[in-house]
Amino acid sequence: MNLLPSGEQTQIVDSLKDFLADRAPVSRFRPPAPQIGNADRQFWPQLGELGFLGIGLGESQGGIGFTAAEEMLAYREFGRHLLSPAVLGLTLGARVAAKAGSELLDEMLRGRLPVGLANSRGRAKLGAECSGEFHLFDAKDAAWVLVCDETGAALLRREDFTDVAEVRGTDHVIGLERARLAAVRPAIWIETASEAIYPRAQLLIGAYAAGIAEATRDMAVEYAKTRQQFGKPIGSFQAIKHICADMAIRAEAALCQVIYAALVQSEQQAGEEFHSVAAKLVSVDAALKNAAQNIQVHGAIGFTAEADAHSFMKRAHVIEQLWGDTRQQRRQMLAAAFPD
């Protein structure tokens, strides 16, 4: 098992890096930009044209025909640039639509049919009928909403949700709503035994978190090189050196776990669920800790709206909650490791 990217994979990542650096720098969230909501849906058609929304789908299904490994590398870059988590709705929603042979697939792959995310707020029942209370992420202008758990994944119409109320969230640039499902039959329901959507979701969130861990590491190191105190760069002081070294180790550990989980899925090896959940756990932990220490390295400026450091911290807390928080997923990982 080769953990290093191939030449072709490097070219794919470089093309995405160039696009995101030009169109979606993290600085797009700074004032005077609107401080509630985001305009990231404008990127979906362009990402669709470049093939990144269907990079992990087979060519026979309208995708590019690569594997979970290439999809993981793309989501690592999405995390670096804090792309809206709604991109998961398109990627995973396309996989659900492809499995069902739905006519929705083509529009999703083109990025012309935005798909919001629904995340359970407690106990929820998914299947032929879906019930429960949910948080909706960037779903206000979406016609469809994706919901999934370890049993399967469903596509529901936005109007299937009732008691919808807009709420303020930790990450102010993500649209957040509370909503309810009451014994609703989804338009499409795919069980995990038929298509492993949930493990793929965990992997992609893990990759996104690894991107956050790496981006915050790079921000801290760059700032430590240029910020001076007592006539010296603060990176020359041992206290800052140790913080940056710890951040580098966490980011590397997260990336290694995510790469391994992606290869397990790509090669259809045993332990797919275990390694996917482990990838999210390790990467989200690295993202949360690196984002916090990045703010510490930046000092007082790290707390300001004009700096980007706080945006990474907020996004790391949001993705930790997607499809199971840390405590729940530790239980899932143990159950996958010891099924008896």
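Provided above is the structure to which this section pertains.
On a predicted model such as this, the values are computed, not experimentally measured, just so you know.

Here is what the cut-offs are and how they apply
- Residues numbered from 1 in each chain as written.
- Predicted model: local features only at pLDDT ≥ 70, side-chain atom pairs only at ≥ 80, totals over all residues.
- Heavy atoms only, no water.
- Salt bridge = Lys/Arg side-chain N within 4 Å of Asp/Glu carboxyl O.
- Helix = DSSP H or I, 4+ residues; strand = E, 2+ residues; numbered from the N terminus.
- Buried < 20%, exposed > 50% of the residue type's maximum accessible area, 1.4 Å probe, protein only.
- Pairing = 2+ DSSP bridges.
- Axes fitted to C-alpha atoms, helices over the stretch in contact; angles between N-to-C directions.
- Contact = heavy atoms within 4.5 Å.
- Parallel < 35°, antiparallel > 145°, perpendicular 65-115°, else oblique.
- Left-handed = near helix turned anticlockwise from the far one by under 90°.
- Nonpolar A, V, L, I, M, F, W, Y, C, P; charged D, E, K, R; others polar.

**Q** Would you mind showing me how to read the pattern of salt bridges here?
**A** Opposite charge on two side chains allows them to pair when their charged atoms are near. All told, the structure shown has 19 salt bridges when counted by the stated rule. Among the ionic pairs, arginine 41 bridges to aspartate 141, the shortest N-O distance being 3.7 Å. Of this pair, arginine 41 sits in the loop between helix H1 (7–23) and helix H2 (44–50) while aspartate 141 sits in the loop between strand S2 (130–137) and strand S3 (144–149), and the two are 100 residues apart along the sequence. Judged by its relative accessible area of 39%, arginine 41 is partly exposed.

**Q** I tried to follow the sheet that holds strand S7 (residues 188–191) on my own but got confused; where do I start?
**A** The strands that make up a sheet pair up through hydrogen bonds in the backbone, lying either parallel or antiparallel. With respect to topology, 7 strands assemble into an open sheet ordered S5-S6-S2-S1-S3-S4-S7, the strand pairing being mixed. Only two strands of the sheet have a single neighbouring strand rather than two, namely strand S5 (162–166) and S7. Sheet twist, expressed as the average angle between the axes of neighbouring strands with direction ignored, equals 25°. In this structure, strand S1 (residues 115–120) lies alongside S2, joined through 4 bridges in antiparallel fashion. Following the sheet pairing, leucine 117 is matched in S2 by phenylalanine 137. The sheet contacts of helix H4 (residues 86–100) involve S1, S3, strand S4 (152–157) and S7, and relative to S1 the element is tilted by about 95°.

**Q** Even after reading the chapter, I still don't get the packing of H1 against helix H3 (residues 68–80), so can you show me in this structure?
**A** Helix packing for two helices is described by the angle between their axes and how far apart those axes are. Where H1 contacts H3, the axes come no closer than 10 Å and their chain directions differ by 25°. It follows that H1 is roughly parallel to H3 by the angle criterion. Both H1 and H3 take part in a crossing whose hand is right-handed. Note on element contacts: H3 touches H1 through Ala69, Glu70, Leu73, Ala74, Glu77 and Phe78, opposite Gln9, Ile12, Val13, Leu16, Lys17 and Leu20.

**Q** How should I be thinking about the pairing of S2 in this particular structure?
**A** Each regular strand shows side chains that alternate between the opposite faces of the sheet. Relative to strand S6 (residues 176–184), S2 runs antiparallel, the two being bridged by 7 bridges. Directly across from leucine 136, in S6, lies its bridge partner glutamate 177.

**Q** What is the right way to read unusual backbone geometry from this model?
**A** The phi torsion of most residues other than glycine is negative, and most of the peptide bonds are trans. Going from proline 31 to proline 32, the amide bond is cis rather than trans, its omega being 10°. Positive phi, normally seen in glycine, also occurs at leucine 82, with a value near 50°. Position of leucine 82 among the secondary structure elements: in the loop between H3 and H4. Of note, alanine 183 is a non-glycine position whose phi angle comes to about 50°, a positive value. Tracing the chain through its elements places alanine 183 in strand S6. Judged by its relative accessible area of 43%, alanine 183 is partly exposed.

**Q** Would you explain the packing of helix H6 (residues 197–226) against helix H8 (residues 272–298) in this entry?
**A** Viewed as axis vectors pointing N to C, H6 and H8 meet at an angle of 25°, and their least axial separation amounts to 7 Å. Relative to H8, H6 is oriented roughly parallel. You can see that H6 and H8 cross each other, and the crossing is left-handed. Counted by class, the contact of H6 with H8 contains 17 nonpolar, 8 polar and 3 charged residues.

**Q** I'm lost on the environment of phenylalanine 312 in this one. Help?
**A** Structurally, phenylalanine 312 can be placed in helix H9 (residues 309–321). Along the chain, phenylalanine 312 and threonine 216 lie 96 residues apart, while their C-alpha atoms are 7.4 Å from each other. Beyond its immediate stretch of four places on either side in the chain, phenylalanine 312 contacts Val26, Gly79, Arg80, Leu82, Ile212, Ala215, Thr216, Met219 and Ala291.

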